[in-house]
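# Residue-level structure breakdown
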Amino acid sequence: MAVATPISVTALIRLGKLRPDRVAVEVNGLIVPRAQRDTRQLNDGDSVEIVSFVQGG
Amino acid sequence: MTIHSSNPHAGHLLTPASAAASPGAAPASAGTATPAGAGPDSGVPSRTSPDGADGSARPTPGKDPLMLRGHAFDSRFILGSGRYDLHLIKAAIDNAGAQIVTMALRRCMTTDNNVLDYIPGEVTILPNTSGARNARDAVRIARLAREVCGTDFVKVEIEHETRYLLPDNAETIKATRILSKEGFVVMPYMFPDPLAAKALEEAGAACIMPLGSMIGSNRGLRMRDFIEIIIANAHVPVIIDAGIGRPSQAAQAMEMGADAVMAYTAIAGARNIPLMARSFGHAVSAGREAYLSGLGAVTTGRAVPSSPTDVNGYLH
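Calculation rules
Residues numbered from 1 in each chain as written. Chains lettered and ligands numbered in written order. Predicted model: local features only at pLDDT ≥ 70, side-chain atom pairs only at ≥ 80, totals over all residues. Heavy atoms only, no water. Contact = heavy atoms within 4.5 Å. Buried area = accessible area lost by both parts, 1.4 Å probe. Salt bridge = Lys/Arg side-chain N within 4 Å of Asp/Glu carboxyl O. Polar contact = N/O pair within 3.5 Å; in protein donor to acceptor, adjacent residues only side chain to side chain. Helix = DSSP H or I, 4+ residues; strand = E, 2+ residues; numbered from the N terminus. Buried < 20%, exposed > 50% of the residue type's maximum accessible area, 1.4 Å probe, protein only. Axes fitted to C-alpha atoms, helices over the stretch in contact; angles between N-to-C directions. Parallel < 35°, antiparallel > 145°, perpendicular 65-115°, else oblique. Left-handed = near helix turned anticlockwise from the far one by under 90°. Nonpolar A, V, L, I, M, F, W, Y, C, P; charged D, E, K, R; others polar. Patch = residues over 30% accessible without salt bridge, like charges linked within 9 Å, V, L, I, M, F, W, Y side chains within 5 Å. Areas by Shrake-Rupley, 256 points an atom, 1.4 Å probe, with all protein chains shown as cover. Arc of directions from axis to C-beta. Pairing = 2+ DSSP bridges. pLDDT = per-residue confidence, 0-100. Phe/Tyr/Trp six-rings, centres within 6.5 Å; stacked < 30°, edge-to-face > 60°.

### Focus: the interface of chain A and chain B
With 35 residues of chain A at the interface, the matching set in chain B holds 38 residues. Buried area between chain A and chain B, both sides added, is near 3100 Å², and the carbon and sulfur share of it is 54%. In this structure, the connection of chain A to chain B is made through five salt bridges. For the interface between chain A and chain B, the tally reads 19 residue pairs in polar contact (both at pLDDT 80 or more). For the side of chain A that touches chain B, the secondary-structure elements that each account for two or more residues are strand E2 (24-27) and strand E5 (47-55) of chain A. Counting residues per element, the side of chain A that touches chain B draws most heavily on E5 of chain A, at nine residues.

### Digging into the side chain of Arg107 of chain B
Within the secondary structure, Arg107 of chain B sits in strand E5 (residues 100-107). Classification of Arg107 of chain B by relative accessible area gives buried; the value is 16%. A polar contact of 2.7 Å, which involves the side chain of Arg107 of chain B, links it to the side chain of Glu49 of chain A.

### Focus: the packing of helix H1 (residues 86-96) of chain B against helix H8 (residues 273-293) of chain B
All names here are of chain B. Remark: H1 packs on H8, axes separated minimally by 7 Å, with the N-to-C direction vectors making an angle of 30°. With respect to H8, the axis of H1 lies roughly parallel. For the crossing formed where H1 meets H8, the hand is right-handed. Residue-level inspection shows Leu88, Ala91, Ala92, Asn95 and Ala96 of H1 in contact with H8, the latter providing Ile273, Pro274, Ala277, Arg278 and Gly281. In terms of residue class, the contact of H1 with H8 is made up of seven nonpolar, two polar and one charged.

### Digging into a nonpolar patch on the surface
A contiguous nonpolar patch, built from Tyr164, Leu166, Phe191 and Met214 of chain B and spanning about 320 Å² of accessible area, is present on the exposed surface. By the element assignment, Leu166 of chain B lies in the loop between strand E7 (153-156) and helix H3 (169-181).

### A word on H1 of chain B
All names here are of chain B. For H1, every residue scored as buried is listed here: Leu86, Ile89, Ala92, Ile93 and Ala96. End-on view of H1: buried residues confined to an arc of 100°, all on one side of the axis. A side-chain oxygen of the first residue of H1 lies 2.7 Å from the backbone nitrogen of His87; this N-cap is Asp85.

### Quick word on the sheet that holds strand E9 (residues 209-210) of chain B
Across a sheet, paired strands are connected by hydrogen bonds in the backbone, their directions being either parallel or antiparallel. All names here are of chain B. Spatial ordering of the open sheet is given by E7-E8-E9, a layout of three strands whose pairing is parallel. Strand pairing shows two members of the sheet lacking a second neighbour, E7 and E9, which therefore form its edges. Pairing analysis gives four bridges linking E7 to strand E8 (residues 185-190), with the strands arranged parallel. Directly across from Val154, in E8, lies its bridge partner Val186.

### Looking at the side chain of Asp241 of chain B
Residue and element names in this part refer to chain B. Mapped onto the elements of the fold, Asp241 is located in strand E10 (residues 239-241). Exposure remark for Asp241: the relative accessible area of 4% places this residue in the buried category. Of the polar contacts made by the side chain of Asp241, one reaches the side chain of Lys155; its length is 2.8 Å. If near-sequence neighbours (up to four positions away) are discounted, Asp241 is found in contact with Lys155, Tyr189, Met209, Pro210, Leu211, Gly212 and Met262.

### What about the pairing of E5 of chain A?
One ladder, built from four bridges, connects E2 of chain A with E5 of chain A; its direction is antiparallel. Looking at the pairing, Glu26 of chain A lines up with Glu49 of chain A of E5 of chain A. As judged from the five bridges shared by E5 of chain A and E5 of chain B, these two strands associate in the antiparallel manner. Note that in E5 of chain B the partner of Ser52 of chain A across the bridge is Arg106 of chain B.

### Some points on the confidence of the model for chain B
Residues and elements named next belong to chain B. A residue-level look at chain B finds 80% of positions with pLDDT of 70 or above and a mean pLDDT of 85. Across residues 7-50, where pLDDT falls below 50, the model places 72 contacts with residues more than four positions away in sequence or in other chains. The complex model carries a pTM of 0.81, and its ipTM stands at 0.92.

### Regarding the packing of aromatic side chains
All names here are of chain B. A full pass over the atoms with the stated rule returns three aromatic pairs over all chains. On the basis of an interplanar angle of 80° and a centroid distance of 5.9 Å, the ring pair of Phe73 and Phe153 is categorised as edge-to-face. With Phe73 in strand E3 (residues 71-73) and Phe153 in strand E7, the pair connects residues that are 80 residues apart, well separated along the chain. With a relative accessible area of 7%, Phe153 lands in the buried category.

### Examining the pattern of salt bridges
Taken as a whole and assessed by the stated rule, the structure comprises 16 salt bridges over all chains. In this structure, the salt-bridge partner of Asp21 of chain A is Arg19 of chain A, at a minimum N-O distance of 3.8 Å. Exposure remark for Asp21 of chain A: the relative accessible area of 38% places this residue in the partly exposed category. The closest approach of N and O atoms between Asp64 of chain B and Arg288 of chain B, which form a salt bridge, is 2.7 Å. With Asp64 of chain B in the loop between strand E1 (2-3) and strand E2 (66-68) and Arg288 of chain B in helix H8, this residue pair connects regions lying 224 residues apart in the sequence.

Pasting the structure below:
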């Protein structure tokens, strides 16, 4: 999936219609802490992982 | 910018490790992570049995807690949240009396019907690191899980084949060392090698979680002899994880001195899931109480009379 950049992590979560309290976001292999989601801008070439819990174990 | 999308065939969060330096290469010191010792002040129940001389029939509620790195739990049954209907999770938790429930971390497509919405607030979430193939993957997943829900608990499981799903003890020890230094309550799933159990303890594990038999096999305590050695030498709780297929096997594990049992498949495979969950809860409690009360001796080749044997009292 590709999106227009720059975009903040918060805006990306909103774009994906995801609940911010249910996900963790990793950019280029590093976690973006909740407190930095508003300010962390994503640029072209950044690799983003968004994860959440599922049933398991 | 690339957002990784879920691959329904892979099912795993993580792709093969890149050539980048591995965090698994961190210094090998056990750091400040001291396993909770089994002493009078540690909160870890003594392995000696109370004599019940005061006539009390059961452990005082709250006085026989399962201690995991300073966290106390009354329940000694850990439930897997597995693959059953989301609406059954709460019923299973309630019926089993479970206070700890495992879940997995995966790439997120939607947060609708999120599993966390189905877990009662007082239940401790135990994220697992399923999908991790080495220590580096497991550390990454644990950190992400902590970011999602703020929990320090993590069940480290590292597997790299899918037929037997056997845990890699060496990588698990590495991950345990790193994560325990970062303040995680590390609960490592392991193959019951007593030497590895010792190493995990030294690496800061909050407990040891040996498999009874293969995951999901319902084959019970096939590794019993080695689990007994682990229990006899452990200074942290030993929790039997994997393979427990029926309540009697859970009771057996507790009778032999396991501190807790984890199960999922055995419950999910039942026709009546809440009822089987309840049965497991009873079995774990029964086994624990049997262990605490001290089991009688087993004899071979002779009977032990249970009625008076004074010949003058016989009617012949």
